[in-house]
Amino acid sequence: MTALVIEHLEKVYTDSYSGDEVVAIGDVSFTVERGEFVSVLGPSGCGKTTVLNTVAGFADPTSGTVSVDGREVSGPGPDRGVVFQGHALFPWKTVLGNVVFGLRMKGVKRREREERGREFLELVGLAGFENRYPHELSGGMRQRLGVARVLANEPAVMLMDEPFASIDAQTRRRLQEDLTRIFEERRPTVFFVTHDIDEAVFLSDRVVVLSPRPSTVQEIVTVDLPRPRTWKAAVDHPGFRETVARINGLLAVDAVRDRDGAGDQESDGSAADVR
Ligand SMILES: Nc1ncnc2c1ncn2[C@@H]1O[C@H](COP(=O)(O)OP(=O)(O)OP(=O)(O)O)[C@@H](O)[C@H]1O
């Protein structure tokens, strides 16, 4: 069953300083099936975060529609859970308090929510930290907590906007492996935004490659890698290297087009800013 449908999404912003119109998203359509992990990749400024914000209900489309489980999105809702880059945890609540917050809002009884909260903390490797506060955790642990908090609510779609971008490379790899394991165990529906091609390929079932602004879907690449996945197995797998090379090629074409001025006239030349 299809969990998320994005149809002919267009987004035009008006620059608050100059009053100029910026066409962030030209025409973007794609779907995410239930239990599927889909990443969105594209040059810097092509509108990846805008697509995610529109799905989250934080931004309205200029035209086009976004539907989750058959219902058109018209604002934020509990059917979509967002894991932010900057954690967005409640600093005054304990680790367990943060995880069970959404369940409390839904009216789940204390015993059951604490049971579920502990289960999700265990899943993300934070068992034993229930009574700590977010400031007592490392950046990686806070990000795990962000994931546990969203998973505990069992949203129809889990939205992740570069959740590991500000985390050191070694920890990031571990978190990516943990996320893959959690995905394989629980099969949430995930919509993931990233700059990192390796990360997108390692985590995803499909990768949506966007063109430079005003963005369109350049290609949707299916990742043919067996699960369960580990970094060790992935880097040795020819399919992993081929898929990374293919996406690299797609984005390199964008960078050349942009440099030669054939792309977006307002480009700041950062189209090659895809790690
Ligand atoms: N609130 C806003 N008002 C005006 N312009 C905006 C606003 N938000 C985003 N933009 C512009 O829309 C375009 C797309 O931005 P967005 O952040 O969605 O891109 P992105 O692909 O996620 O970028 P990055 O890869 O650098 O994180 C950019 O040119 C940005 O400057």
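Values in this document were obtained by computation on a predicted structure and should not be read as measured data. (Residues numbered from 1 in each chain as written. Predicted model: local features only at pLDDT ≥ 70, side-chain atom pairs only at ≥ 80, totals over all residues. Heavy atoms only, no water.)

1. Points about helix H3 (residues 110-123)
For clarity, the threshold we go by: We count a stretch as a helix when DSSP gives it H or I for four or more residues in a row; a strand needs E for two or more, and each element gets its number in order from the N terminus. Every helix has an expected span of 1.5 Å times one less than the residues it contains. A simple rule labels every residue: compare its accessible area, found with a 1.4 Å probe on the protein chains alone, to the largest value its type can have, and call it buried under 20%, exposed over 50%, or partly exposed in between. Directions from the helix axis toward the C-beta atoms define the arc. Contacts are assigned to residue pairs that have any heavy atoms within 4.5 Å of one another.
The end-to-end C-alpha distance of H3, which contains 14 residues, comes to 20 Å, matching closely the 20 Å that a straight helix rising 1.5 Å per residue would cover. Looking only at H3, the buried set comprises Arg113, Arg116, Gly117, Phe120, Leu121 and Leu123. Down the axis, H3 shows its buried residues gathered within 155° of arc, on one side only. Exposed and oriented more than 90 degrees from the buried face of H3 are Arg111, Glu115 and Glu122. Tucked inside the fold, the buried residues of H3 contact helix H2 (95-105), helix H4 (139-152) and helix H5 (169-186). Positive backbone phi, approximately 80°, marks Gly125, located one or two places after H3.

2. Some remarks on unusual backbone geometry
Each neighbour pair has its own omega, and for Arg213 with Pro214 the value is -5°, a cis peptide bond. Looking at where Pro214 falls in the secondary structure, it is placed in the loop between strand S9 (206-210) and strand S10 (215-222). For the bond running from Arg227 to Pro228, omega is 0°, close enough to zero to count as cis. Position of Pro228 relative to the elements: it lies in the loop between S10 and helix H7 (231-236). Positive phi outside glycine occurs at Glu162, with the angle close to 40°. Among the structural elements, Glu162 can be located in the loop between strand S7 (157-161) and H5. By relative accessible area, which is 11% here, Glu162 ends up buried. In this model, Arg187 sits at a positive phi of 50°, which is unusual for a non-glycine residue. Within the fold, Arg187 resides in the loop between H5 and strand S8 (190-193). Take Arg187: its relative accessible area is 39%, and that puts it in the partly exposed class.

3. Observations concerning the domain arrangement of the protein chain
Counted only if it meets this: How far each domain reaches was decided by an automatic or database domain assignment. A pair is scored as a salt bridge if a Lys or Arg side-chain nitrogen falls within 4 Å of a carboxyl oxygen belonging to Asp or Glu. What qualifies as a polar contact is a pair of N or O atoms within 3.5 Å, subject to a donor-acceptor requirement within protein and to the restriction that residues adjacent in sequence count only when both atoms come from side chains. All amino acids are sorted into three groups, where Ala, Val, Leu, Ile, Met, Phe, Trp, Tyr, Cys and Pro are nonpolar, Asp, Glu, Lys and Arg are charged, and the leftover types, Gly among them, are polar.
According to the domain assignment, the protein chain contains domain 1 (1-79 + 159-171 + 184-275) and domain 2 (81-154). A straight line from the C-alpha centre of domain 1 to that of domain 2 covers 26 Å. Taken together, the 17 residues of domain 1 in the interface contact 13 residues of domain 2. Viewed at the interface, domain 2 and domain 1 are joined by one salt bridge. Between Glu119 and Arg186 there is a salt bridge, with its nearest N and O atoms 2.7 Å apart. Across the domain 1-domain 2 interface, the total number found is five residue pairs in polar contact (both at pLDDT 80 or more). At the level of elements, helix H1 (48-56), S7 and H5 are the ones that each hand at least two residues to the side of domain 1 that touches domain 2. A per-class count over the side of domain 1 that touches domain 2 returns 10 nonpolar, two polar and five charged.

4. Digging into the site of the ligand
Let me state the cut-off plainly: Near residues are defined by distance, with any heavy atom within 4 Å of the molecule or strand qualifying the residue. Residue burial considers only the protein chains on display, and all accessible areas are found by Shrake-Rupley using a 1.4 Å probe.
Every residue close to the ligand is listed here: Tyr13, Ala24, Pro43, Ser44, Gly45, Cys46, Gly47, Lys48, Thr49, Thr50, His195 and Arg213. Between the ligand and Thr50 there is a distance of 2.5 Å, counted from an oxygen atom to a side-chain nitrogen or oxygen. Burial of the ligand by the protein amounts to 64% of the accessible area it has alone, namely 640 Å². No other element matches H1, which puts three residues into the shell around the ligand.

5. Focus: the packing of aromatic side chains
The following threshold applies: Two rings from Phe, Tyr or Trp (for Trp, the six-membered ring) form a pair when their centres are within 6.5 Å of each other. A pair whose planes differ by under 30 degrees is stacked, one over 60 is edge-to-face, and the rest are tilted. Each ring is checked for a lysine NZ or an arginine CZ that lies within 6 Å of its centre and within 35 degrees of its normal; such an atom marks a charge sitting over the ring.
Enumeration over the complete set of coordinates arrives at eight aromatic pairs. With centroids separated by 4.1 Å and ring planes inclined at 15°, the aromatic side chains of Phe202 and Trp231 adopt a geometry described as stacked. Here Trp231 lies in helix H7 and Phe202 lies in helix H6 (residues 197-203), a separation of 29 residues in the sequence. With a relative accessible area of 0%, Phe202 lands in the buried category. The rings of Phe37, Phe164, Phe183 and Phe192 are connected pair by pair, giving a single aromatic cluster. Arg149 extends its terminal NZ or CZ atom over the ring of Phe90, reaching a point 5.3 Å from the ring centre.

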